[in-house]
Amino acid sequence: MITLSGVTKSFGDRPILRGVDFAIAAGEVACLIGPSGSGKSTILRTINGLERHDGGTITVNGLLLSDRTLPQIRRQLSMVFQRFNLFPHRTVLENVMEGPVQVLREPVAEVRERALALLDRVGMAERAAAYPSQLSGGQQQRVGIARALAMRPQAILLDEPTSALDPERVGEVLSVIRALASEGMTMVVVTHEIAFAREVADRALFIDGGVIVEDGPARQVLTAPTMERTRQFLDRVL
Ligand code: ADP
Ligand code: MG
């Protein structure tokens, strides 16, 4: 579903991704872990073309990422951000409807129905008329996930979806992600929630210094890593 092969990316003369290789199958949940500054966000951003990679290849659903295929690839991937990125002057419902109506040009009545169903799924149907500023961080992030789902993506990329939340709000967002995982949604999740990743992810990728240092079954990588660098990282965050 998502394949990276020898992906490189520099900012100025600083190499950030130094040849990233991995492949995520449809229905798989992969967590991407690694120290701050190791290139996790850059990987997600290059996959959906928010950043352009310098070398190597990225393939999504059989499409090679290029300027020509980018619009098509974007349509297949939804992104969930650490800081939610909801439109502040639109209601919860309008936030969820925005993409399908404005980008996909789908009929408003149909989108509204789907948006309300999605809000129900993330436990936010009662707040459909609220504005983002009236919600807690956990509630905003659940709306962010509903908004991502409204585009009917093939896969969702989540960049530290719980790290801007108060500790008591983390669980409600993780529950939503857990439910999506059990429904077979393909996801790449950047997270520092190691216990959650161990439970929900199929795969764990550990990145350090712009390369994937370790890649394997989540339970194995996050419990008994093969590489010393992975072990040291886990000792620091656990
Ligand atoms: P992570 O998400 O793992 O913390 P990032 O992918 O955000 O790391 O960043 C990796 C490195 O690239 C960091 O050193 C960061 O400062 C740098 N970087 C990220 N985005 C930019 C940018 N737009 N311009 C310059 N440097 C950047
Ligand atoms: Mg990041």
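Here the structure is a predicted model, which is why all the values come from computation and not from measurement.

The rules we used
Residues numbered from 1 in each chain as written. Chains lettered and ligands numbered in written order. Predicted model: local features only at pLDDT ≥ 70, side-chain atom pairs only at ≥ 80, totals over all residues. Near = placed C-beta within 6 Å. Helix = DSSP H or I, 4+ residues; strand = E, 2+ residues; numbered from the N terminus. Nonpolar A, V, L, I, M, F, W, Y, C, P; charged D, E, K, R; others polar. Contact = placed C-beta atoms within 7 Å. Buried ≥ 20, exposed ≤ 12 C-beta atoms within 10 Å, placed from the backbone. Pairing = 2+ DSSP bridges. Axes fitted to C-alpha atoms, helices over the stretch in contact; angles between N-to-C directions. Parallel < 35°, antiparallel > 145°, perpendicular 65-115°, else oblique. Left-handed = near helix turned anticlockwise from the far one by under 90°.

What about the site of ligand 1?
Right, so step 1: In the region of ligand 1, the neighbouring residues are Phe 11, Ile 16, Gly 34, Ser 36, Gly 37, Ser 38, Gly 39, Lys 40, Ser 41 and Thr 42.
Right, so step 2: Ranked by residue count, the leading element in the shell around ligand 1 is helix H1 (residues 40–47), at three residues.
Right, so step 3: Split by residue class, the shell around ligand 1 holds two nonpolar, seven polar and one charged.

Describing the environment of Asn 61
Right, so step 1: Checked against the element boundaries, Asn 61 lands in the loop between strand S4 (55–60) and strand S5 (63–64).
Right, so step 2: Not counting residues within four places of it along the chain, the set of residues in contact with Asn 61 comprises Met 1, Gln 76 and Gln 154.

Some words on unusual backbone geometry
Right, so step 1: Even without a glycine there, the phi angle at Asn 61 is positive, about 50 degrees.
Right, so step 2: Residue class for Asn 61 comes out partly exposed when judged on the 16 C-beta atoms lying within 10 Å of it.
Right, so step 3: Here Arg 105, not a glycine, exhibits a phi torsion of approximately 55 degrees, which is positive.
Right, so step 4: By the element assignment, Arg 105 lies in the loop between helix H3 (92–103) and helix H4 (108–121).

What to know about the sheet that holds S5
Right, so step 1: Overall, antiparallel pairing links the four strands, which are arranged S2-S1-S4-S5 in an open sheet. Every interior strand has two partners, whereas the edge strands, strand S2 (14–24) and S5, have only one.
Right, so step 2: Where S4 and S5 come together, two bridges link them in antiparallel fashion. Opposite Val 60, over in S5, you have Leu 63 as the bridge partner.

Here's the deal with the packing of H3 against H4
Right, so step 1: Packing of H3 against H4 brings their axes to within 9 Å, and their N-to-C directions diverge by 130 degrees. Looking at the two axes, H3 sits oblique to H4. Of the two possible hands of crossing, H3 and H4 adopt the one that is right-handed. Seen from H3, the contacting residues are Val 92, Leu 93, Val 96, Met 97, Pro 100 and Val 101; seen from H4, they are Val 108, Val 111, Arg 112, Ala 115, Leu 118 and Leu 119.

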